[in-house]
Amino acid sequence: MRSLSASETETEGRKLGESLRKGDVVSLRGSLGAGKTVLAKGIAESLGITEAIVSPTFTIVQEYSGREKLYHLDLYRLSGDDEFESMGGEEFLYPDGITLIEWSEKIDDMLPDNTIFVDITISDDGSRNIDITRGRR
Ligand SMILES: Nc1ncnc2c1ncn2[C@@H]1O[C@H](COP(=O)(O)OP(=O)(O)O)[C@@H](O)[C@H]1O
Ligand SMILES: [Mg+2]
């Protein structure tokens, strides 16, 4: 879909969130400022989470609880698979809740086959194109 504003992207996140079930892993891909965290806010809202969603860049993972637990990871500062394993990251790939991962490219080989990929690209006019795919292409 094409999103013309942050609030449209948030709405798209809410719609996706309604379809998520325990155990789902969502990869949020797109350049810096594309709208990954905005979409994550929409997903969190749909899970009944009222806390502010901030980008967990410095903490790597933020945990919230709503109708399901929500784990929000931002791997921007992660070096790769080894660091992810040593922080015990695998538990977030097979979660007892729902996991959202920004910059999942860092651990691409470790992502489960049924990962839901959300690709956000910024067009020249500033609008966002949001593409959602269940599982690997
Ligand atoms: N259509 C849109 N969808 C999402 N964000 C948008 C859109 N248009 C403008 N923005 C702005 O772009 C920024 C996206 O920030 P953020 O979600 O933190 O990006 P990311 O997490 O991908 O780095 C916000 O400041 C938001 O207001
Ligand atoms: Mg972000």
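Here the structure is a predicted model, which means the values were calculated and not measured. (Residues numbered from 1 in each chain as written. Chains lettered and ligands numbered in written order. Predicted model: local features only at pLDDT ≥ 70, side-chain atom pairs only at ≥ 80, totals over all residues. Heavy atoms only, no water.)

1. Here we look at the overall build of the chain
Which entries qualify depends on this criterion: Numbering of helices and strands runs from the N terminus, with a helix taken as a DSSP run of H or I at least four residues long and a strand as a DSSP run of E at least two residues long. Our radius of gyration is a C-alpha quantity, and the globule rule it is checked against amounts to 2.2 Å times the number of residues to the power 0.38. Only protein chains enter the calculation, and the probe is 1.4 Å; a residue is then buried if its accessible area is under 20% of its type maximum, exposed if over 50%, and partly exposed in between. Whether two residues are in contact is decided by their heavy atoms, any of which lying within 4.5 Å being enough. With residues, only the protein chains shown are counted as cover, and all accessible areas are computed by Shrake-Rupley using a 1.4 Å probe. Counting rule for charge: Lys and Arg are taken as positive, Asp and Glu as negative, and neither His nor the chain ends is counted. All charge positions are set by atom: Lys at NZ, Arg at CZ, Asp at CG, Glu at CD.
A count of helical and extended segments in the chain gives three helices and seven strands. Of the regular secondary structure in the chain, the N- to C-terminal order runs β-α-β-α-β-β-α-β-β-β. Since a compact globule built from 137 residues should have a radius of gyration of about 14 Å, the 14 Å found for the chain is in line with a globular shape. Viewed in the frame of its principal axes, the chain has a C-alpha envelope of about 40 × 30 × 30 Å. Evaluated residue by residue, the chain yields a buried proportion of 49% over its 137 residues. Of all intrachain contacts in the chain linking residues separated by at least 6 positions in sequence, the fraction that spans at least 24 positions is 60%. Roughly 6,800 Å² of accessible area belongs to the chain as shown, and the carbon and sulfur atoms make up 47% of that amount. Charge centroids of the chain, computed over 16 positive and 26 negative side chains, lie 5 Å from each other.

2. Examining the packing of aromatic side chains
Our working definition: Aromatic contacts are taken between Phe, Tyr and Trp rings whose centres are within 6.5 Å, Trp giving its six-membered ring; a plane angle under 30 degrees counts as stacked, one over 60 as edge-to-face, and the others as tilted.
Applying the stated criterion to the full structure yields two aromatic pairs. Taking 5.1 Å as the distance between ring centres and 55° as the angle between the ring planes, the aromatic pair formed by Y76 and W103 counts as tilted. With Y76 in the loop between β4 (69–74) and α3 (81–86) and W103 in the loop between β5 (98–102) and β6 (116–122), this pair connects stretches of sequence that are 27 residues apart.

3. Observations concerning the environment of S19
Stated precisely, the cut-off is as follows: Contacts described as polar in this section are N or O atom pairs within 3.5 Å, which, within protein, must combine one atom able to donate a hydrogen with one able to accept it, while residues neighboring in sequence count only if both atoms come from side chains.
Structurally, S19 can be placed in helix α1 (residues 6–19). In sequence terms S19 and N114 are 95 residues apart; their C-alpha atoms lie 14 Å from each other. In this structure S19 touches D24 and R134, once residues within four positions along its chain are discounted. Among the polar contacts made by the side chain of S19, one reaches the main-chain carbonyl oxygen of L16 at a distance of 2.7 Å.

Spatial relationships are all this shows, so hold off on functional conclusions.
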